[in-house]
Amino acid sequence: MTTSDAKQGGLIGWIEHRLPIFSFLDHAVGSGYPTPRNLSYWWNFGALAGIVLVIMIVTGIMLAMQYTPHVDYAFASVERIMRDVNSGWLLRYIHMNGGSFFFIVVYIHLFRGLYYGSFKSPRELLWMLGVVILLLMMATAFMGYVLPWGQMSYWGATVITNLFSAIPWVGESIVTWLWGGFSVDNATLNRFYSLHYLLPFLIVGVVVLHIWALHRFGSNNPLGIDPRGPQDKIPFHPYYTVKDAFGLGVFLVIFAAAVFFFPNYMGHPDNYIEANPLATPEHIVPEWYFLPYYAMLRAITFDIAIPFTGVVVIEAKLGGVITMFASIFILFVLPWLDRSPVRSARFRPIYQLFFWLLVIDCIVLGFAGAKPPEGTWLIIGQLATFYYFLHFLVVLPLLSVVERPRPLPASISEAVVKGGGTPLAGVRAKPMEKA
Amino acid sequence: MAEQASSAHVAHGEGGTRRDFLYIASGAVVAMGAVITVWPIIDSMNPSQDVLALATIEVDLAPVEVGQAITVKWRGKPVFIRHRTAEEIAEARAVSLDELRDPQTDEARAIKPEYLVMVGVCTHLGCVPLGQRPGQPKGDYNGWFCPCHGSHYDTSGRIRKGPAPLNLPVPAYFYLEDLRIRVGEAGEPGAGGAEGASHG
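What this report covers is the structure whose coordinates are included nearby.

Rules behind the numbers
Residues numbered from 1 in each chain as written. Chains lettered and ligands numbered in written order. Predicted model: local features only at pLDDT ≥ 70, side-chain atom pairs only at ≥ 80, totals over all residues. Heavy atoms only, no water. Contact = heavy atoms within 4.5 Å. Buried area = accessible area lost by both parts, 1.4 Å probe. Salt bridge = Lys/Arg side-chain N within 4 Å of Asp/Glu carboxyl O. Polar contact = N/O pair within 3.5 Å; in protein donor to acceptor, adjacent residues only side chain to side chain. Helix = DSSP H or I, 4+ residues; strand = E, 2+ residues; numbered from the N terminus. Nonpolar A, V, L, I, M, F, W, Y, C, P; charged D, E, K, R; others polar. Core = buried A, V, L, I, M, F, W, Y, C linked by side-chain atoms within 4.5 Å. Buried < 20%, exposed > 50% of the residue type's maximum accessible area, 1.4 Å probe, protein only. Phe/Tyr/Trp six-rings, centres within 6.5 Å; stacked < 30°, edge-to-face > 60°. Lys NZ or Arg CZ within 6 Å of the ring centre and 35° of its normal. Pairing = 2+ DSSP bridges. Axes fitted to C-alpha atoms, helices over the stretch in contact; angles between N-to-C directions.

## Brief notes about the interface of chain B and chain A
Logical step 1: With 27 residues of chain B in contact, the opposing surface of chain A contributes 29 residues.
Logical step 2: Between chain B and chain A, a total of about 2400 Å² is buried, with carbon and sulfur atoms accounting for 65% of that surface.
Logical step 3: Among the residues chain B hides against chain A, the three largest losses belong to B:Met45, B:Leu125 and B:His149. Together they make up 26% of the total.
Logical step 4: Across the contact surface, chain B and chain A share 0 salt bridges.
Logical step 5: Across the chain B-chain A interface, the total number found is 8 residue pairs in polar contact (both at pLDDT 80 or more).
Logical step 6: Elements that contribute at least two residues to the side of chain B that touches chain A include exactly helix 3 (49-53) and strand 3 (77-83) of chain B.
Logical step 7: Considered class by class, the residues forming the side of chain B that touches chain A number 15 nonpolar, 9 polar and 3 charged.

So this is what it looks like as structure tokens:
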């Protein structure tokens, strides 16, 4: 539908006159939203994340109708969902794997932003809202994982809530407050259930802001240069609605394969043992998407003291907690750490190299987080943590100054149509032609 | 409105106007009201009365043989009680305080040296250390070993190696009778309460 359709009569025209929702949608995701013509499949993951969020909310609401948030019944109610509730197994496996796939999609979306400099001016707030969404997602995922009340649920909750006890002076009171008791117990399970239901709707709210900020300047693109005019753009609908739909199809094939053929691959078998407050599992690991942060948490095994005095400023435990939270909060200031005016890594040969080093570093951190923090893996985890912060605090500011970017193309249409050469004669005459 | 107020402010000089006073006074009342309203909401998440009512337990120590350890549940957490052997007590008392990360004498950690009572929750991130049952690893110091992040505790439950910052906490407890304790209360002052030994 185009904007002119909305001005027509009939029921749509009648509604449009009173509530201009059709033109609103048209400007948001329709033909009235001009989009850079060169977006690659890496730009699918934003829309994909939105769809996964909807899948999670729908399956979550259905599961909530069957689940009992009580320490005596929670584990059994989840088993009942798996065995007795019609299609309960399907809803739970979709929700369980949906969490993992949500993080896969969002991590790709995030690294896309890092590679193509999507966080740079004027999209800083857009980027920061994305980091807020990531934090909310992490809180939601963590609390959701507690609800089945398995061994990993219980001990994961214990370890993570205990992080707050590292806060000087008030730490213990905060942990008691979070628990609503003296350990992770019924009160904790109840409030986590309440918050696990609430937070996704907060995420929806921040997603609206995220999209609002996106529409202010439109999508970034693989070249990282601003569109110069209409010849650089195509309407979102049908070009990107169809591209997103195709990407969604591919995603759903992979997602369905996980749900139907290896639903527990990304889970942990210990979570099929009911929570036991008196026995810690041999080896506590969080879900895979938290492993890099977990590695950073455990990398700080030493107190930080004033040299030669032995006065401890930050104990190892607090140091680990600060390091872990800093690894995410540093993303908020990323637009001011990377000062290079060139957005896309395509034109930044050295940054490109360091980008891939960061990707490898995060994967290494993930492996280190899955291993007990001893011997070689502890040292690898410490080195990888050090490098993670080195990348943001030293490499990026330095590259902004020393790197010589490759020459940028004059416009998107020039680069797209001619592959980087001089513009074709007909480019400006046929702006809507498929590239 | 704001312009009027500011021009009035200029007219009345440094002292401010009656309208400024009303703004500040009503703002202060609203802020206090907000705090008073929000506090019950926050406080409702603190431990409730029924949770607090179950905050003490009594334990009979008589069946615990020398060298044996038992685990009892108190406030949802495991409490370790080990009937220590003479060697274990001697080992704990031989340690110099300089070697300890969280310096505390063994005498300060047990009312009766034979019975070590402490909360079996690792002070790092709250896992339950191993070492209570025969065959479980006891760590490098013959006490307890936390499998989560590798903290080693000695025969007095003091942190010796690994990421944990503090010793295993000694809960407030006292002897009701010769071999019967109540955990969760310090008892009468001077009656041998272990409150001073607790890390809370």
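## A closer look at the nonpolar core
Logical step 1: If you look at the biggest cluster of nonpolar residues, it comprises 120 residues, and the most contacted ones within it are A:Phe103, A:Leu114, A:Trp149, A:Tyr388 and A:Phe392.
Logical step 2: Element by element, the count of residues in this core is highest for helix 7 (residues 124-146) of chain A, at 13 residues.
Logical step 3: Every residue in contact with A:Leu114, bar those within four places of it in the chain, is listed here: A:Phe119, A:Trp127, A:Leu334, A:Tyr351, A:Phe355 and A:Leu358.
Logical step 4: Formed by 15 residues, the second largest nonpolar core is a distinct cluster that contains B:Ile81, B:Tyr115, B:Tyr175 and B:Val183.

## Here's the deal with the pattern of salt bridges
Logical step 1: Under the definition given, this model contains 17 salt bridges over all chains.
Logical step 2: The residue B:Lys112 makes a salt bridge to B:Asp178 at a minimum N-O spacing of 2.8 Å. With B:Lys112 in the loop between helix 4 (86-94) and strand 4 (115-119) and B:Asp178 in the loop between strand 8 (173-177) and strand 9 (180-183), this residue pair connects regions lying 66 residues apart in the sequence.
Logical step 3: The exposure class assigned to B:Lys112 is partly exposed, which follows from its relative accessible area of 21%.
Logical step 4: Owing to a relative accessible area of 56%, B:Asp178 belongs among the exposed residues under this scheme.
Logical step 5: Three or more residues joined by partner-sharing salt bridges are found here, namely A:Lys120, A:Asp338, A:Arg348 and A:Glu403.

## Thoughts on the packing of aromatic side chains
Logical step 1: Counting across every chain of the model gives 33 aromatic pairs over all chains.
Logical step 2: When the ring of A:Tyr33 is compared with that of A:Phe236, the centres are 5.8 Å apart and the planes differ by 35 degrees; the resulting orientation is tilted. Here A:Tyr33, found in the loop between helix 3 (21-29) and strand 1 (34-36), pairs with A:Phe236, found in helix 11 (residues 236-261); they are 203 residues apart in sequence, far enough to count as distant. The pair formed by A:Tyr33 and A:Phe236 is uniform in burial state, with each residue classed as buried.
Logical step 3: Taking the centre distance of 6.1 Å and the plane angle of 55 degrees together, the rings of A:Tyr41 and A:Phe246 count as tilted. On the criterion of sequence distance, the pair formed by A:Tyr41 in the loop between strand 1 and helix 4 (45-64) and A:Phe246 in helix 11 is long-range, its members being 205 residues apart.
Logical step 4: A:Phe246 sits in the exposed class, given a relative accessible area of 52%.
Logical step 5: An aromatic cluster is present here, built from A:Trp43, A:Phe111, A:Tyr115, A:Tyr116, A:Phe355 and A:Trp356 joined pairwise through their rings.
Logical step 6: If you follow A:Arg216 out to its NZ or CZ, it ends over the ring of A:Phe217, 5.1 Å from the centre.
Logical step 7: Here the guanidinium or amino end of B:Arg75 rests over the ring plane of A:Phe182, the centre of that ring lying 4.2 Å away.

## A closer look at the sheet that holds strand 9 of chain B
Neighbouring strands of a sheet are bound in pairs by backbone hydrogen bonds; such pairs are parallel or else antiparallel.
All names here are of chain B.
Logical step 1: Here we have 3 strands laid out as an open sheet, ordered 1-9-8, and antiparallel in their pairing. Each of the sheet's edge strands pairs with one partner strand only, and the pair in question is strand 1 (57-60) and strand 8. For this sheet, the mean inter-axis angle between neighbouring strands, taken without regard to orientation, is 30 degrees.
Logical step 2: The pairing of strand 1 with strand 9 spans 4 bridges and is antiparallel. Note that in strand 9 the partner of Val-59 across the bridge is Ile-181.

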